[in-house]
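Chain by chain, the residues run as shown.
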Amino acid sequence: MNDNKPLVGILMGSDNDYEVMAETGRALKQFDIPFEMIVSSAHRTPERTADYVRSARERGLRVLIAGAGAAAHLAGVVAAETTLPVIAVPIDATSLRGLDALLAMVQMPAGIPVATMAIGPAGARNAGLFAVRMLATTDSRLEHKLDEFRQEMADGVVRKSEKLQERLQADGLD
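This text gives an overview of the structure that appears in the document. Nothing here was measured: the structure is a model prediction, and the numbers come from that model. (Residues numbered from 1 in each chain as written. Predicted model: local features only at pLDDT ≥ 70, side-chain atom pairs only at ≥ 80, totals over all residues. Heavy atoms only, no water.)

### Details of the side chain of T49
Now for step 1: Of note, T49 is situated in helix 2 (residues 46-54).
Now for step 2: Of note is the side chain of T49, whose polar atom sits 3.1 Å from the backbone oxygen of S41. (Helix = DSSP H or I, 4+ residues; strand = E, 2+ residues; numbered from the N terminus. Polar contact = N/O pair within 3.5 Å; in protein donor to acceptor, adjacent residues only side chain to side chain.)

So, in structure tokens, the structure goes:
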């Protein structure tokens with residue numbers, strides 16, 4: 001799939017969001033999904049955001065992921081401008097620790113769907129993995145890679161449990 005033509009567009013409301021949204025990029029890179037990442041604000045650069053989103057499909061993008069904190073209207077604005085799937089990542093950017101962003105993202109009006117992930121890096125990683133799952137519905141190679149990924153996670157849990165049993169035995173707690 002990696003012909004270097006981006007399939008996923010990642011938007012963030014501020015460059016301060018980069019460390020969180022980099023997790024989305026890492027998840028996509030793990031599956032060789034080409035992506036692009038930009039800073040564009042729903043409030044400070046509404047025309048830039050609308051232009052980017054309106055041209056996304058013709059540029060080959062198939063999923064858009066928007067990370068934002070505080071007022072967090074970016075994902076909703078993105079979803080209002082396209083029929084592409086939109087995934088929102090709430091970011092901890094205020095004294096409310098991301099709850100304000102989460103609530104803004106999950107309270108979309110009927111007809112403007114936005115899939116919303118958890119607050120912060122885990123949510124950003126899951127946004128990337130969710131995009132991979134969406135793309136895998138039409139790509140058997142990706143579907144196979146996801147199956148392998150899930151098996152690796154399961155194997156990791158088993159290994160950790162085996163190490164725990166060894167530790168219990170070493171500590172005389174078995």
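### Notes on the packing of helix 1 (residues 18-30) against helix 5 (residues 121-136)
Now for step 1: With their axes 7 Å apart at the nearest point, helix 1 and helix 5 run at an angle of 30° to one another. For the crossing formed where helix 1 meets helix 5, the hand is right-handed. Note on element contacts: helix 5 touches helix 1 through P121, A124, R125, A127, G128, L129, A131 and V132, opposite V20, M21, E23, T24, R26, A27, L28 and Q30.
Now for step 2: Taken together, the residues of the contact of helix 1 with helix 5 break down into 10 nonpolar, three polar and three charged. (Axes fitted to C-alpha atoms, helices over the stretch in contact; angles between N-to-C directions. Left-handed = near helix turned anticlockwise from the far one by under 90°. Contact = heavy atoms within 4.5 Å. Nonpolar A, V, L, I, M, F, W, Y, C, P; charged D, E, K, R; others polar.)

### Digging into unusual backbone geometry
Now for step 1: Phi at D32 takes a positive value of approximately 60°, unusual for a residue other than glycine.
Now for step 2: Structurally, D32 can be placed in the loop between helix 1 and strand 2 (35-39).
Now for step 3: You will see that R97, though not glycine, has its phi angle at about 60°, which is positive.

### Considering the sheet that holds strand 2
Now for step 1: With respect to topology, five strands assemble into an open sheet ordered 2-1-3-4-5, the strand pairing being parallel. Edge positions in the sheet fall to strand 2 and strand 5 (115-116), since each has one partner strand and no second.
Now for step 2: Bridge count between strand 4 (residues 86-91) and strand 5: two bridges; the pairing is parallel. When the bridges of strand 5 are listed, I87 appears paired with A115.
Now for step 3: Helix-sheet contacts for helix 1 involve strand 1 (8-12), strand 2, strand 3 (63-69) and strand 4, and the interaxial angle to strand 1 is about 170°.
Now for step 4: Relative to the sheet, helix 5 contacts strand 1, strand 3, strand 4 and strand 5, its axis offset from that of strand 4 by approximately 170°. (Pairing = 2+ DSSP bridges.)

### A closer look at helix 2
Counting along an α-helix, one turn takes 3.6 residues, and residues three or four places apart therefore face a common direction.
Now for step 1: Those residues of helix 2 not exposed but buried are T49, A50, Y52 and V53. For helix 2, the arc enclosing every buried residue in end-on projection is 165°, short of the 170-degree limit, so these residues lie on one face. In helix 2, the exposed positions angled more than 90 degrees off the buried face are occupied by E47 and R54. (Buried < 20%, exposed > 50% of the residue type's maximum accessible area, 1.4 Å probe, protein only. Arc of directions from axis to C-beta.)

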